[in-house]
Amino acid sequence: LVHSLEKRSVELITITDTSEMTNEVEPFIKGLFPLHKKEKKTRPRIFNKPTVFLSARVHPGEAPASHTINGIIDLLTDKDNIVAKECLKRFVFKIVPILNPDGVYRGYYRVDTKGQNLNRYYTDPKFETQPTIYAVKKAIEQQHELGKLKVYIDFHAHAGKKG
């Protein structure tokens, strides 16, 4: 999807089945998908079904959110699971497993390289200073503009037991 401030990849995974697939591809989002031209990647097809957009780890210390996202990916890619088959028949899943890869790499709890809590920048993110939030917001907006966005869920978690 984009590179972080420290040039780490922020992946956008698309999972669905081939039902309701059209011949149209998603429009390219200017400034995003840095490997698109370099590796001659193609854009995903547009499907006549809604998109479920999921993300996690905007706060690096919320490791349980990664376990949840990994569990969802494992479920959706299990070819023998009837629940997965039904989900993939009805929805397109777009998943950003780690929104703050620099913070995760550096072992930070809530911030990125610049000491910013990226969860506070969704209203007006800047590509130059919050590229990961800017990119995911653009990708979500694209799904909305295509009339496909059903829901966006950003996974959070607490690493300690409270109350």
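This write-up is about the structure you can find in this document. None of the values given here were measured: they were computed from a predicted structure. (Residues numbered from 1 in each chain as written. Predicted model: local features only at pLDDT ≥ 70, side-chain atom pairs only at ≥ 80, totals over all residues. Heavy atoms only, no water.)

Observations concerning the pattern of salt bridges
Evaluated as defined, the whole model comprises ten salt bridges. With its nearest N and O atoms 2.9 Å apart, the salt bridge here joins K94 to E26. One end of the pair, K94, is in strand β7 (residues 92-96); the other, E26, is in the loop between β4 (21-25) and α1 (35-38), with 68 residues separating them in the sequence. With a relative accessible area of 2%, K94 lands in the buried category. For E26, a relative accessible area of 6% corresponds to the buried category. A salt bridge links K126 to D124; the nearest nitrogen and oxygen atoms lie 2.5 Å apart. (Salt bridge = Lys/Arg side-chain N within 4 Å of Asp/Glu carboxyl O. Helix = DSSP H or I, 4+ residues; strand = E, 2+ residues; numbered from the N terminus. Buried < 20%, exposed > 50% of the residue type's maximum accessible area, 1.4 Å probe, protein only.)

So, the packing of aromatic side chains
Applying the stated rule across the entire model yields four aromatic pairs. An angle of 65 degrees between the planes, with centres 6.1 Å apart, marks the rings of F91 and F93 as edge-to-face. The buried category is assigned to F93, whose relative accessible area is 8%. Here R8 stacks its cationic end above the ring of Y105, 3.8 Å away from the centre of that ring. Above the face of the F33 ring, R43 is positioned so that its terminal group lies 4.0 Å from the ring centre. (Phe/Tyr/Trp six-rings, centres within 6.5 Å; stacked < 30°, edge-to-face > 60°. Lys NZ or Arg CZ within 6 Å of the ring centre and 35° of its normal.)

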